[in-house]
Amino acid sequence: MKIIFPVVGAENISVAYLSSVLKKAGHTVKVAFDRSLFNDMQYFSVKFLSRIFSEKKRMVKQIILEKPDILAMSVFTDNYQWALDVVREVRKQHKCITVWGGMHPTACPEEAIAQEEVDYMIIGEGEAPFLELVDALEKNTSMKNIQNLWYRENDGNIVKNPPRTLMDPKDFPPVDKTVYEKFIPMKEYYLTVTSKGCIAKCSYCLQNFLWNWEKEQQIGKFLREKNVDMVIDEFREMKSRYGIKYIDIKNNVLSGNKQWMDEFLKRYAEEIKLPFRIMGHPLLFQEDLAEKLKKAGCHHIQIGIESMNSDVRKNVLFRNESNEQIKKALDSIDKAGINFSADLIVGLPGETENDLIVSVKILSEYKHLIRASIFWLQYLPSVAITRMAIEKGYIDGKNEELINKGLQNNYLSTGSPMEADRMRILKTYHIIFRLLPIIPQKIVNLIMNTGIYHIFHYLPFQTAFIIAVDVFVSYIRNDYYAKWIMKWYFKQIWKHIMGKIETISE
Ligand code: B12
Ligand code: SF4
C-alpha cells in the first residue's frame, strides 16, 4: 500500500520508526513536509509571517497528486488542528483512509476518535499494530484482534481494542531517515532518541500521563533504553551515510542507568568522536557525570530547572530535587566547562516575581550558561497539573476543551490563557532571562536590585524584542543549535521566495 505521513515544522522521529517497519514489509512510504515557517510549533511563532510563508496548500496539492491509499497522521497536541485540516483538504479531492497515532490520540482518545477525519486510530506504540492494520485492510480481514487499535464500525459503534505489551527496546526498529533527506540537513544536525520513558513523571509533562496509563494497563516497563551497541551502530552508520557533524540525543533525559552512561560515553569517545548535545536532569549530576560527558566530547547540556521555588517544584511540578541539588548540578557542569541551557517554566501557579528574581540571580553565576530557555506553562491533556488546575479553578471547562482540542497557544509563545497584565510582567522577565548569558553577574545584580529591569515592561513590542535578543545572544554565545536553526530558516525563506520548496520525499 502507499502510505503518506504529513509532517509539520520539524522532523518527527516516530514517523522515521514507523516508516522503516512499513517499508520492510514492502509498502511504499513517503513524508509530506509542511515547513510551516514562523508557525512551526518548535522554534518561532509569528502569526503574520506564517501566513506569508505558508506552504500548506502546496503540500496538500502534492499529496493529492501522489494518490496515497493511507494518510498516516502522527499527532501531538499542537499539530492536532493542523492534522484535521490536512485530512479535510486532501479528502476534498482524493478519497483515502486515515490512520491516526501519536501522543495526542493516546492521551485524548475519545476526543480524537469522535472526529470524522479519523478512520482508524492507534493508541500507544504503533509499529506492530499499524502493520497488522495495513495487512487487514489489504486482505479485508477482521480487525478485532489488533491490540491498540480503535475504529468506527459501519453502524457508528466504536471498537476499542485493548492495549498490547510495550516493545522490548531490543526490538525498536532502525530509524528511516531517508524520508527527511530532502528537508533536513542531517549533516549539520542529527536528531535522535535512544530511549522511551523517563526517570521522573513531572506533573506538566506527557510522561506523567504515560506513566500512569502504562501502569494502569499493566503493559510493561516505563523506562526502556536501547543497548549501547544499537546506539553506537546507529551513529556509526549515519556518520558514514550523511557525514554527520553534530548529534542531538533528545531523550527525555540521557539515561536512567549509570552503567549505561559509563559504557556509552566511553565507547562514544573512542568510536564516534563527534560533538553532541544531551538532555539532562539535576539528579543525574550529583556525582561525576559532567566530567565524563566533557571527556566524551559533550558540547551542550539542556537541563530542566523549571522553577527555583522548591515548594512549587515539589507540590505543583512533582519534581523532587532540592535547590541544593540543582546548584550542585549546575556547579558541576560549569566547572567541567560544558555549555548549557537551563529550561524554566513561567506562568506557574504559586510562583511569584520574587522567585523569578531568585532564578535570575542564581543563573547569573554561571559562565557556561549560554541560554536560559523560557517555556510558558501550557496545560497538556490528561496530565496531573491540568487536573489540579481544574480542581482548584485556575482553568474552567471551556479551557479544558481548548486543551483537548489543541487550541491553546503553545509553550513557545504564551502557553495557556492568562490575564494580559500577568503576561506582560512575565514577558519582562522573559527578556531578562534571554539576556542573562551576555550580562556579567555584577550588572545583573545591579539591574535586579535597583529595579531598572522594569523598563522592559513598557516596551511596545516585547515579543519582537525577545526574538531579536534571542538571535543576538545565540550568535554572541556561539549556540550551535540555535545558529543551525537560524541558518536553516534563512535557507527555507530563500527557497520559498525562489519557489523551490520541496514538500514530498522520494
Ligand atoms: C524527540 C522529541 C522531539 C523532537 C522530535 C519531534 C518528534 N515528534 O519526533 C523535537 C525537538 C523536534 C520536538 C519538538 C517538539 N515537541 Co517533542 N518530544 C520529543 C520526545 C522527547 C521524544 C519523541 C519521540 O520521538 N519518541 C520516540 C518515538 C519512536 O516514540 P513515540 O513518540 O512514543 O511514538 C510512538 C507512538 O506515539 C506511535 N505513533 C506516533 N505517531 C504515530 C502515527 C501513526 C499513524 C501511528 C499508527 C502511530 C504513531 O508510534 C510511535 C512508535 O512507537 C517526546 C517525549 C516522549 N518521550 O515522548 C517529546 C514530546 C513528543 N514533544 C512534545 C512537544 C510539546 C513538542 C513541541 C510541540 C514543543 C516545542 N515547541 O518544542 C515541538 C513540536 C515540533 C514539531 N513541529 O514537531 C510533547 C508532546 C505533548 C503533547 N501532548 O502533544 C512531548 C510528549 C514532550 C512533553 N512535553 O511531554 N520534540
Ligand atoms: S524530567 Fe523532563 S521528560 Fe522527564 S518527566 Fe520531567 S519534564 Fe518530562
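Everything numeric here is computed off the predicted structure, so don't read it as measured data.

A.B. asks: Explanation requested: the overall build of the protein in the structure shown.
C.D. replies: In terms of helices and strands, the protein carries 20 helices and 15 strands. Its C-alpha atoms give the protein principal-axis dimensions of roughly 70 × 55 × 50 Å. Buried positions account for 42% of the 506 residues belonging to the protein.

A.B. asks: Quick question: what am I supposed to make of the sheet that holds strand β2 (residues 28–34) here?
C.D. replies: As a general point, the strands of a sheet are linked pairwise by backbone hydrogen bonds and lie either parallel or antiparallel. Strand order in the open sheet made by the seven strands is β2-β1-β3-β4-β5-β6-β7, with mixed pairing throughout. With one partner strand each, in any of the chains shown, β2 and β7 (158–160) form the two edges of the open sheet. When strand polarity is set aside, the average angle formed by the axes of neighbouring strands in this sheet is 20°. As paired strands, strand β5 (residues 120–122) and strand β6 (residues 149–152) are joined by three bridges and run antiparallel to one another. Pairing of M121 across the sheet is with W150, part of β6. Sheet strands in contact with helix α4 (residues 80–91) are β1 (2–8), β3 (70–74) and β4 (97–101), and its direction is about 170° off that of β3.

A.B. asks: I tried to follow the site of ligand 1 on my own but got confused; where do I start?
C.D. replies: Taken together, 39 residues form the shell around ligand 1, and within it G9, F76, G101, G126 and L206 come nearest. For the shell around ligand 1, the elements supplying multiple residues, two or more each, are α1 (13–24), β3, β4, α5 (103–107) and α7 (127–139). A total of four residues in the shell around ligand 1 trace back to one element, the largest contributor, which is α1. Looking at the shell around ligand 1, its residues break down into 20 nonpolar, twelve polar and seven charged. Lining the shell around ligand 1 are residues from two domains, each supplying at least three of them: domain 1 (2–168) and domain 2 (174–493).

A.B. asks: Where do I start with the sheet that holds strand β13 (residues 298–306) in this structure?
C.D. replies: With parallel pairing, the six strands of this open sheet are ordered in space as β8-β11-β12-β13-β14-β15. Both outer strands of the open sheet, β8 (190–192) and β15 (369–376), are each paired with one neighbouring strand and no more. On average, each strand axis in the sheet is tilted by 20° relative to the strand beside it, whichever way the strands run. In this sheet, strand β14 (residues 339–346) lies alongside β13 in parallel orientation, the contact comprising six bridges. The partner of G304 across the bridge, within β14, is D343.

A.B. asks: So what exactly am I meant to see when it comes to the site of ligand 2 here?
C.D. replies: Taken together, C198, A200, K201, C202, C205, Q207, N252, V253, H281 and G304 make up the full set of residues adjacent to ligand 2. Taken together, the residues of the shell around ligand 2 break down into five nonpolar, four polar and one charged.

A.B. asks: Looking at this structure, how should I read helix α14 (residues 353–363)?
C.D. replies: Given 3.6 residues per turn, any residue in an α-helix points the same way as the ones three and four places further on. Buried residues of α14: L356, S359, V360 and L363, and no others. Buried residues in α14, looked at end-on, bunch into an arc of 100°, giving them a common side. Contacts made by the buried residues of α14 are with β14, β15, α17 (420–435) and α18 (441–450).

A.B. asks: How should the domain arrangement of the protein be read in this particular structure?
C.D. replies: Note on interface size: it is often stated as the accessible area lost on association of the parts. Partitioning the protein into domains gives domain 1 (2–168) and domain 2 (174–493). Contacts between domain 1 and domain 2 engage 32 residues on the former and 33 residues on the latter. Here the side of domain 1 that touches domain 2 takes seven residues from α1, the largest share from any one element. Here the side of domain 1 that touches domain 2 is composed, by residue class, of 18 nonpolar, seven polar and seven charged.

A.B. asks: Sorry if this is basic, but what is going on with the packing of helix α3 (residues 56–66) against α4 here?
C.D. replies: The relative placement of two packed helices is expressed as an angle between their axes plus a distance between the axes. Packing of α3 against α4 brings their axes to within 9 Å, and their N-to-C directions diverge by 50°. Judged by the angle between their axes, α3 and α4 are oblique. Remark: the crossing between α3 and α4 carries right-handed chirality. Contacts from V60, I63 and I64 of α3 reach α4 at V86, E89 and V90. Taken together, the residues that form the contact of α3 with α4 break down as five nonpolar, no polar and one charged.

A.B. asks: What am I meant to see in the UniProt feature "transmembrane region" (unreviewed entry) in the protein here?
C.D. replies: Mapped onto the present numbering, the UniProt feature "transmembrane region" (unreviewed entry) falls on residues 455–476. Between the first and last C-alpha atoms of residues 455–476 the distance is 23 Å; the span itself is 68% helix and 0% strand.

A.B. asks: Got a minute to help me understand the pairing of β14 in this structure?
C.D. replies: The two faces of the sheet receive side chains in turn, since in a regular strand these alternate between them. Here β14 lies mainly inside the structure; seven of its eight residues are buried. Alignment of β14 against β15, held across seven bridges, turns out to be parallel. From the neighbouring strand, L344 faces β15, where its bridge partner is I374. Considered for its hand, the β-α-β crossover made up of β14, α14 and β15 is right-handed.

A.B. asks: What is the right way to read the packing of α1 against α7 from this model?
C.D. replies: The interhelical angle for the contact between α1 and α7, taken along N-to-C directions, is 45°, at an axis separation of 10 Å. Taken together, the axis directions place α1 and α7 in an arrangement best described as oblique. By crossing handedness, the relation of α1 to α7 is classed as right-handed. Along the contact surface, α1 presents Y17, L18, V21 and L22, while α7 presents E127, F130 and L131. Broken down by class, the residue content of the contact of α1 with α7 amounts to six nonpolar, no polar and one charged.

A.B. asks: Would you mind showing me how to read the environment of V118 here?
C.D. replies: On the secondary structure map, V118 appears in the loop between α6 (109–113) and β5. Accessibility expressed as a C-beta count within 10 Å gives 23 for V118, which makes it buried. The contacts of V118, once residues within four sequence positions are left out, are T98, W100, A112 and I113.

A.B. asks: Looking at this structure, I do not really get unusual backbone geometry. What am I missing?
C.D. replies: Excluding glycine, residues mostly have negative phi values, and the peptide bonds linking residues are mostly trans. Positioned with a positive phi, N148 is a non-glycine residue whose angle comes to about 85°. For N148, the location among the structural elements is in the loop between α7 and β6. Located in the positive-phi region is S382, a residue other than glycine, with phi close to 60°. Mapped onto the fold, S382 is located in the loop between β15 and α15 (384–391).

What counts, and at which threshold
Residues numbered from 1 in each chain as written. Chains lettered and ligands numbered in written order. Predicted model: local features only at pLDDT ≥ 70, side-chain atom pairs only at ≥ 80, totals over all residues. Helix = DSSP H or I, 4+ residues; strand = E, 2+ residues; numbered from the N terminus. Buried ≥ 20, exposed ≤ 12 C-beta atoms within 10 Å, placed from the backbone. Pairing = 2+ DSSP bridges. Axes fitted to C-alpha atoms, helices over the stretch in contact; angles between N-to-C directions. Contact = placed C-beta atoms within 7 Å. Near = placed C-beta within 6 Å. Nonpolar A, V, L, I, M, F, W, Y, C, P; charged D, E, K, R; others polar. Domains from an automatic or database assignment. Arc of directions from axis to C-beta. Parallel < 35°, antiparallel > 145°, perpendicular 65-115°, else oblique. Left-handed = near helix turned anticlockwise from the far one by under 90°. UniProt positions renumbered as here; feature names shortened; annotations may be inferred. Right-handed = clockwise from strand over helix to strand, strands pointing away.

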